[in-house]
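Next come the chains, spelled out residue by residue.
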Amino acid sequence: MLRALYIGVLTSQGRFDEAIEYGVEFYSSQDADQGYEYLSTIEHALGKAFLEIGDFEQSKRFLLLAENRLRNQGLDENLREIYPTLFKLYYSLGEFDSSYQYGKLAVEHTEKFARDALDKSMVFEMAKSKYLDFENRLAIAEKNSLEAEYKYKQSLVFLGWSTLACVLLVLTVMGVQRQKSKIKASLETDTLTKVLSRVSLMESCTKAVAEAKRREQPLSLVVFDLDLFKRVNDTFGHAVGDWVLKTVSSVVRTSIRDKDILGRLGGEEFVICLPNTDIEQARQLSERCREGLERIISPVAIENLDISASFGVARLDDTVDSLDKLLMTADKCLYQAKHLGRNRVVTVLEDEGTGDYKPSMGLCSLQAELVQTPLK
Ligand SMILES: Nc1nc2c(ncn2[C@@H]2O[C@H](COP(=O)(O)OP(=O)(O)OP(=O)(O)O)[C@@H](O)[C@H]2O)c(=O)[nH]1
C-alpha cells in the first residue's frame, strides 16, 4: 500500500515521469496477493500520471482497469475518487458523451458520499448528544445521590438529637411531675400520721358541709384530743409520742367509713367529719374510737403508757351552719370532756320534746345537759 501511496505522492508533486516509471515497474511485477483495492489505487495513480503527461491511451487503460476492479468489488467510495479523473480523460480525448457520463457519476457519487457522511455525522452527533445527555444525567444522579446521602445523614443526626432531647424532656417533665406530686402529697397529707393535713382537712370539710347543706342531709363533726399527751412525751420521749400519734390515727382510720374525713388539726388534736351522719351515730362512732384508743398496746413493754382521748361532737343545723361554727361547737364539747375528767365523748344535747339540739354556744353553761360517757 505504501508503494501505491508513494506513486500518488509523486503524481501530486507533478513528478509524473518518476511516478510512471516507479508504477509501471511495480505494476509489471504485479503481485496477485496485493489485493484489489491496492492494485486499483496504483492503477488510478498511473492513470492520473499518464493523463498529466498527455498519454491518454495508457491513462485510459489504467483508469478503466481500476474502474472495473472497483465495480466488481462494489467499492463505491473508491469509484467516487476515480470518476473525476475519467471525466477529465474523456474530456481531454474529446469524447464528451463519456466525459458527461463520468462527470455525472462523479457528481452523483460525491453527493451520495456527502449524504452518507452527513448521515454518519448526524448519527454520530445524535450518539454524542445522547452520550452527553447520559453523562449529564449520570452527573445529576450522582449529585442527587450525594445530596440525598448528606441529607439522610443530617436527618439521622437530627433524629438522634431530637430523640435525646425528647427523652431528656420526658425525664425532666416526669421529674417535675414526681416533685409536684410529692409536694402536693406532702401538702395534702400529714407526714407523721398520714391522715389529711390541716389545709386539706379544711378544704375537704368545707366541701362536705356545702354538699350536706345542698342535699339537706345530716352531717356531724368530731374533734378529739389525746389526754395528757405532754406527759407521754415527757415520760417516754418524743419517739414514743410520735408512735402514739401514728397508731391513734390508724386505729381511728380503721374505725370510720371511707367517705368519712379524718385529719390532724395540729399537735395531738384531730378532726373527723362525718357526712350523712346524725349526732347519735356520731356519738356512737366517737365512742367506738375512744374504746379503740384505750385498747392500744405498745409493741415494747412500756409500763403506764395509758392512751386515751377526749371527744367533742357537733352537728350541722340551722344555728351551727358553717364549718367554723361546727369546729367551735365541737371544740367546746371537747373542752367540756376534758373538764369533766377526760377519756369521754361529749355532744350537744337533743332537746326533749322538740327533737332539736340545744345551740352549741350554750354548752359550757349547760354542762348537766351534755351527754357524757362515764369515766372508767
Ligand atoms: N411526739 C409528739 N408530740 C407532739 C406533737 N405535736 C404536739 N406534741 C406534744 O403534745 C403535747 C400537748 O400537750 P398539752 O397541749 O399540754 O396537752 P395534754 O398534755 O395532752 O393535756 P390535755 O390535752 O389537757 O389532756 C405537747 O407536749 C406537744 O409537744 C408531735 O408531732 N409529736
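Predicted model only: the values in this text are computed from it and were never measured.

Undergrad: So what exactly am I meant to see when it comes to helix α11 (residues 323-339) here?
TA: An α-helical turn contains 3.6 residues, so any two residues separated by three or four positions project in the same direction. When the terminal C-alpha atoms of α11 are compared, their 24 Å separation across 17 residues agrees well with the 24 Å that a helix rising 1.5 Å per residue should span. When α11 is considered as a whole, its buried residues turn out to be L323, L326, L327, T329, A330, C333, L334, Q336 and A337. Taken together, the buried residues of α11 touch α7 (198-215), β1 (219-226), β3 (269-275), β4 (309-315) and β5 (345-347). Trailing α11 by a residue or two, G341 shows a phi angle of about 125°, which is positive.

Undergrad: Before we go on, may I ask you to explain the nonpolar core in this structure?
TA: Nonpolar side chains in soluble globular proteins generally cluster together in the buried interior. Within the largest apolar cluster, 33 residues are counted, with the highest numbers of intra-cluster contacts made by F224, V244, V248, V252, I272 and L293. Residue assignment for this core shows that the elements contributing at least two residues are β1, α8 (229-236), α9 (238-255), β3, α10 (279-294), β4, α11 and β5. Element by element, the count of residues in this core is highest for α9, at six residues. When residues no more than four places from it in sequence are discounted, the contact partners of F224 are V248, V252, L262, E268, E269, F270, I272, L293, A309, S310, F311 and L334.

Undergrad: Explanation requested: the UniProt feature "transmembrane region" (unreviewed entry) in the protein in the structure shown.
TA: UniProt feature "transmembrane region" (unreviewed entry): in the numbering of this structure it lies at residues 156-176. Between the end C-alpha atoms of residues 156-176 the distance is 30 Å, and the span holds 100% helix and 0% strand.

Undergrad: Help me understand the site of the ligand in this model?
TA: Every one of the 17 residues lining the ligand counts as a neighbour, but L228, F229, N233, D242 and R264 are closest to it. One of the backbone N or O atoms of L228 is found 2.7 Å from an oxygen atom in the ligand. Measuring from an oxygen atom of the ligand, one finds a side-chain N or O atom of R264 at 2.7 Å. Here the ligand has 660 Å² of accessible area as a free molecule, and 68% of this is covered by the chains. Where the shell around the ligand is concerned, the elements lending two or more residues are β1, α8 and α9. Per-element accounting of the shell around the ligand gives the leading share, four residues, to α9. Counted by class, the shell around the ligand contains five nonpolar, four polar and eight charged residues.

What counts and how
- Residues numbered from 1 in each chain as written.
- Predicted model: local features only at pLDDT ≥ 70, side-chain atom pairs only at ≥ 80, totals over all residues.
- Heavy atoms only, no water.
- Helix = DSSP H or I, 4+ residues; strand = E, 2+ residues; numbered from the N terminus.
- Expected span 1.5 Å × (residues − 1).
- Buried < 20%, exposed > 50% of the residue type's maximum accessible area, 1.4 Å probe, protein only.
- Contact = heavy atoms within 4.5 Å.
- Core = buried A, V, L, I, M, F, W, Y, C linked by side-chain atoms within 4.5 Å.
- UniProt positions renumbered as here; feature names shortened; annotations may be inferred.
- Near = heavy atom within 4 Å.
- Polar contact = N/O pair within 3.5 Å; in protein donor to acceptor, adjacent residues only side chain to side chain.
- Areas by Shrake-Rupley, 256 points an atom, 1.4 Å probe, with all protein chains shown as cover.
- Nonpolar A, V, L, I, M, F, W, Y, C, P; charged D, E, K, R; others polar.

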